[in-house]
Amino acid sequence: MATESLNFSFQGLRRSLNVSLSQYEPVLLVLASVATWIALSVTSSTLGAVYGSFSEKGFIGSISSLAVKLIRLLPGGAKYLNKEQKKVMDKLTSGTKGKELWATELPKQGLGPQVIERMLEIKKQDKPWEGRCSGAVYIGGTETEGHFRLVNEAYCMFAHTNPLHPDVWPSIPRFESEVVNMTASFLGSKLQASGGMVCGNMTSGGTESILMAVKTTRDYMKASRGITAPEMIIAESAHSAYDKAAQYFQIKLRRAPVADDLRADVKAMKRLINKNTIMLVASSPGFPHGVIDPIEELSALALQYNICLHVDLCLGGFVLPFAKKLGYPIPPFDFRVAGVTSISVDVHKYGLGPKGTSVVLYRNHELRKVRDNPGKYEDGMAPIYGAGATLPDRGTIRDILVDYMDSTC
Ligand SMILES: Cc1ncc(COP(=O)(O)O)c(C=O)c1O
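Keep in mind that this is a model prediction, so the values were computed, not measured.

The rules we used
Residues numbered from 1 in each chain as written. Predicted model: local features only at pLDDT ≥ 70, side-chain atom pairs only at ≥ 80, totals over all residues. Helix = DSSP H or I, 4+ residues; strand = E, 2+ residues; numbered from the N terminus. Contact = placed C-beta atoms within 7 Å. Near = placed C-beta within 6 Å. Nonpolar A, V, L, I, M, F, W, Y, C, P; charged D, E, K, R; others polar. Buried ≥ 20, exposed ≤ 12 C-beta atoms within 10 Å, placed from the backbone. Pairing = 2+ DSSP bridges. Right-handed = clockwise from strand over helix to strand, strands pointing away. UniProt positions renumbered as here; feature names shortened; annotations may be inferred. Core = buried A, V, L, I, M, F, W, Y, C linked by C-beta atoms within 7 Å. Axes fitted to C-alpha atoms, helices over the stretch in contact; angles between N-to-C directions. Parallel < 35°, antiparallel > 145°, perpendicular 65-115°, else oblique. Left-handed = near helix turned anticlockwise from the far one by under 90°.

Trainee: So, the overall build of the protein: which residues are in play, and what are the values?
Mentor: Within the protein one finds 13 helices and 7 strands. The contacts in the protein between residues at least 6 apart in sequence include a share of 62% that link residues at least 24 apart.

Trainee: Tell me about the site of the ligand, and name the residues and values.
Mentor: In the vicinity of the ligand, 14 residues are found, and the nearest of them are G205, G206, T207, H239 and C314. Split by residue class, the shell around the ligand holds 4 nonpolar, 8 polar and 2 charged.

Trainee: Explain the environment of L191 residue by residue, including any values.
Mentor: Tracing the backbone through its elements, the reader meets L191 in the loop between α6 (171–185) and β1 (199–203). Along the chain, L191 and F335 lie 144 residues apart, while their C-alpha atoms are 8.5 Å from each other.

Trainee: Quick one: what's the story with the pairing of strand β6 (residues 342–346), residue by residue and with numbers?
Mentor: When you tally the buried positions in β6, you get 5 out of 5 residues, the bulk of the element. In β6, alternate side chains face the same way, and those of S342, S344 and D346 on one face and I343 and V345 on the other are all buried. Sheet topology places strand β5 (residues 308–312) next to β6; 3 bridges connect them, and they run parallel. Each residue of the ladder has a partner; that of V311, found in β6, is I343. Remark: the β5/helix α11 (residues 320–325)/β6 crossover connection has right-handed handedness.

Trainee: Please give an account of the UniProt feature "modified residue: N6-(pyridoxal phosphate)lysine" (unreviewed entry) in the protein that cites residues and values.
Mentor: Mapped onto this numbering, the UniProt entry gives "modified residue: N6-(pyridoxal phosphate)lysine" (unreviewed entry) at K349. Of note, K349 is situated in the loop between β6 and β7 (358–362). Among all residues touching K349, those that are not within four sequence positions of it are Y138, C314, L315 and F318.

Trainee: So what's going on with the nonpolar core? Residues and values would help.
Mentor: Core analysis: the biggest nonpolar cluster contains 58 residues, and M232, Y242, L280, L298 and L309 have the highest contact counts within it. In terms of residue count, the dominant contributor to this core is helix α7 (residues 206–225) (7 residues).

Trainee: Which residues make up the sheet that holds strand β4 (residues 277–283), and what values go with them?
Mentor: What links the strands of a sheet is backbone hydrogen bonding, and the strands pair in either a parallel or an antiparallel sense. A sheet is described by the order of its strands in space; here 7 strands give the open sequence β1-β7-β6-β5-β4-β2-β3, paired in mixed fashion. Edge positions in the sheet fall to β1 and β3 (252–256), since each of these pairs with one other strand and no more. Averaged over all pairs of adjacent strands, the angle between strand axes in this sheet comes to 20°, irrespective of strand direction. Along the sheet, helix α10 (residues 295–305) contacts β4 and β5; its crossing angle with β4, the most-contacted strand, is approximately 175°.

Trainee: Tell me about the pairing of β3, and please be specific about residues and values.
Mentor: A regular strand places its side chains so that they alternate between the two faces of the sheet. Two strands pair when backbone bridges link them, and strand β2 (residues 231–235) and β3 are joined in this way by 5 bridges, in the parallel orientation. Residue pairing across strands places A235 opposite A256, the latter belonging to β3. What joins β2 to β3 is helix α8 (residues 241–248), and the crossover it makes is right-handed.

Trainee: Account for the packing of α7 against α8, with residues named and values stated.
Mentor: The contact between α7 and α8 brings their axes to 9 Å, and the two run at 45°. When the interaxial angle is binned, α7 and α8 end up oblique. The way α7 lies across α8 gives a crossing that is right-handed. Between α7, through G206, T207, I210, L211 and V214, and α8, the contact on the second element is made entirely by A241, Y242, K244, A245 and Y248.

Here is the structure:
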């Protein structure tokens, strides 16, 4: 009955449309259809671009870049903007006027050991930061005393090593493995809740640890869930390293506002989850406000949607476990929390190690093994520079490089 009445009203609509359109030439109707189709495609791509711009740059960013574009279109607008841009550049470079010029070429005569004096002279321009530069360097004391001096001594001992050559420097992978294991051990790796498979490696800093964790998650979610247009969800308070990761590894970044208490807003993050979401991010604490995100709630969300959760412990990794031991009421933040799949933790912050040392940890090898990495150096072309000597006219390479260096390497 319902189908019949639907059919009846469709026939009626069809008849009345045919009657009213019969007064137009067929060619006009074709042209009108094409024009409508073009108008709809232009509108949909414009709306798509506006939406893309808003989700990438945010409201203020999109409005300002639109305003700049509009000003450029006005008569004299481009000239005005160029003048303003020049003013800013002049202001930025004015500080160098009248100052000694920086070297741009190798000096004719080398400085020899005097280079140290020269560097000490230039170093005087730096601020006396020792122990008082939170957010940049974390080591206390002075370069010539105590822990600071010890770290410098150890650093000097290994300044000329290359971890890509464990056959030459087996000490390096040993140290790396020890630092990774020790760090993991106070982030829950020895507890049953972690699954007992926590693994990781050292990187050059918090940013690189975050980059590695994001890339590994992307590769893992592609291999395990077939996600090829990955998206990650962060709170607005997350570190800018996630913007870098999104750009480097072609991941769409979705930013959720923080709640009134400045912690990540779990509900807002939940609203951004879709079939392409590979991961959520929590900071403990975050870079701008120093507050700890609700990690257990985010973990429950990650488990519910079968996605990963990275915890940024770059700043807190060497503080929270000890603060907890001292009895501070700190909610769980590490591999004890079931949904946490990776952690970044900086040795060069409150680990009081030298710049740049950080650790990235994964809950298990399943996650880590899918990393698309360039392979062990044995799999590629090893740097046997002397091999050049077997090619015509390449003998000098061997003379210069191999004979000069200790060719046992
Ligand atoms: C919470 C947090 N995450 C990541 C980073 C980035 O670390 P890095 O400066 O070592 O790259 C920082 C740096 O201060 C940080 O505080």
